[in-house]
Amino acid sequence: MSTLPAAPTVPWIRISDAQAHIGATVELRGWVAHRRSSGKIQFLVVRDGSGVMQCVAGTNDVPAADWEALGTLTQESALIVTGTLRADARSPGGVEMGLRSVRVV
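Residues numbered from 1 in each chain as written. Predicted model: local features only at pLDDT ≥ 70, side-chain atom pairs only at ≥ 80, totals over all residues. Heavy atoms only, no water.

## With respect to the pattern of salt bridges
Link 1 in the chain: Applying the stated criterion across every chain, the model contains 5 salt bridges.
Link 2 in the chain: Where Arg 29 meets Glu 27, a salt bridge forms, and the shortest distance between an N and an O atom there is 2.8 Å.
Link 3 in the chain: Linking Arg 86 and Glu 96 is a salt bridge whose minimum nitrogen-to-oxygen distance equals 3.0 Å. Within this pair, whereas Arg 86 is found in strand β4 (residues 78-87), its partner Glu 96 is found in strand β5 (residues 95-104), the two being separated by 10 residues in sequence.
Link 4 in the chain: Given a relative accessible area of 7%, Glu 96 falls into the buried group. (Salt bridge = Lys/Arg side-chain N within 4 Å of Asp/Glu carboxyl O. Helix = DSSP H or I, 4+ residues; strand = E, 2+ residues; numbered from the N terminus. Buried < 20%, exposed > 50% of the residue type's maximum accessible area, 1.4 Å probe, protein only.)

## Focus: the nonpolar core
Link 1 in the chain: Judged by nonpolar contacts, the single largest core of 22 residues is most densely connected at Leu 44, Met 53, Leu 70, Val 81, Leu 85, Met 97 and Leu 99.
Link 2 in the chain: Looking at this core, the elements that each hand over two or more residues are β1 (25-38), β2 (41-47), β3 (52-58), α1 (64-72), β4 and β5.
Link 3 in the chain: For this core, the element with the most residues is β5, which contributes 4 residues.
Link 4 in the chain: Once you skip the residues sitting within four places of it in the chain, Leu 70 turns out to touch Arg 35, Gln 42, Leu 44, Ala 57, Val 62, Leu 99 and Val 102. (Core = buried A, V, L, I, M, F, W, Y, C linked by side-chain atoms within 4.5 Å. Contact = heavy atoms within 4.5 Å.)

## Some details on the sheet that holds β1
Link 1 in the chain: With mixed pairing, the 5 strands of this closed barrel are ordered in space as β1-β2-β3-β5-β4. On average, each strand axis in the sheet is inclined to that of its neighbour by 55°, with strand direction left out of account.
Link 2 in the chain: Pairing of β3 with β5, which is carried by 3 bridges, proceeds in the parallel orientation. When the sheet's bridge partners are listed, Gln 54 is paired in β5 with Glu 96.
Link 3 in the chain: Where α1 meets the sheet, it contacts β1, β2, β3 and β5, and its direction lies at approximately 100° from that of β5. (Pairing = 2+ DSSP bridges. Axes fitted to C-alpha atoms, helices over the stretch in contact; angles between N-to-C directions.)

Read these as geometric descriptors, not functional statements.
And the structure:
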């Protein structure tokens, strides 16, 4: 009987801890504070009680179903986002997430 290796897991972090995870792929759980779209790019500001973070997705960055879900989000929608953190002085807290997946809760 063979055992399959465990699927790799993405760590869940609080936004206040994001500086320590720059360059890593992580999961955030929170609520939509603000959303805007600029054609083929969507900007999502997520809050989790410890802070706020801007998340950015282009049409090719997330699966098509996730892209559609982004367009339907309203303020205070609960969600789980996964992506890679990068330093960006213009973003709140100095960290921005490049989205890879979005799950509406």
